[in-house]
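Understanding the architecture of this molecule
Below are the chains, spelled out letter by letter.
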Amino acid sequence: MKIKIKIELRKHKISDYSIAKALNTINEDDYLKTITLVLEKKLRQTKSKDKQKLFYGTLNYAVSRGFERDLATEQLNKLLK
């Protein structure tokens, strides 16, 4: 989500300093809860039984929603254990 926020703010010619300052105000616990909720919802909606397709389909969904790939991978691994 931070990635999409950053892209949209740059489109409006907001300075990198202001963007970084704004993104730092996002509560990390709330952000982790949000990405976890998004991943859980997508996992419930996905009908694939193939673990690899399930993992990468859900990961790509999270990335397309603007979440960082590393963070999405970490949270997804926790959910699938």
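These figures come from a predicted structure and were not determined experimentally.

**So, the environment of Thr 58**
You can see Thr 58 is positioned in helix H4 (residues 51-64). Filtering out sequence-adjacent residues up to four positions away, Thr 58 remains in contact with Leu 39, Lys 42, Leu 43, Thr 46 and Leu 76. For Thr 58, the side chain forms a polar contact with the main-chain oxygen of Leu 54, separated by 2.7 Å.

**Notes on a positive patch on the surface**
A cluster of basic side chains, namely Lys 4, Lys 41, Arg 44 and Arg 65, defines a positive patch on the protein surface. Among the structural elements, Arg 44 can be located in helix H3 (residues 28-45). On the basis of relative accessible area, Arg 44 is assigned to the exposed category, the value being 63%.

**Details of the pattern of salt bridges**
According to the stated counting rule, one finds four salt bridges in the structure shown. Arg 10 serves as the salt-bridge partner of Asp 16, at 3.2 Å between the closest nitrogen and oxygen. One salt bridge in this structure joins Lys 78 and Glu 74, with 3.7 Å as the shortest N-O distance. Residue Lys 78 and its partner Glu 74 are located together in helix H5 (residues 69-80), separated by four residues, close to a single helical turn. Lys 78 sits in the exposed class, given a relative accessible area of 52%.

What counts as what
- Residues numbered from 1 in each chain as written.
- Predicted model: local features only at pLDDT ≥ 70, side-chain atom pairs only at ≥ 80, totals over all residues.
- Heavy atoms only, no water.
- Helix = DSSP H or I, 4+ residues; strand = E, 2+ residues; numbered from the N terminus.
- Contact = heavy atoms within 4.5 Å.
- Polar contact = N/O pair within 3.5 Å; in protein donor to acceptor, adjacent residues only side chain to side chain.
- Patch = residues over 30% accessible without salt bridge, like charges linked within 9 Å, V, L, I, M, F, W, Y side chains within 5 Å.
- Areas by Shrake-Rupley, 256 points an atom, 1.4 Å probe, with all protein chains shown as cover.
- Salt bridge = Lys/Arg side-chain N within 4 Å of Asp/Glu carboxyl O.
- Lys, Arg positive; Asp, Glu negative; His and termini not counted.
- Charge placed at Lys NZ, Arg CZ, Asp CG, Glu CD.
- Buried < 20%, exposed > 50% of the residue type's maximum accessible area, 1.4 Å probe, protein only.

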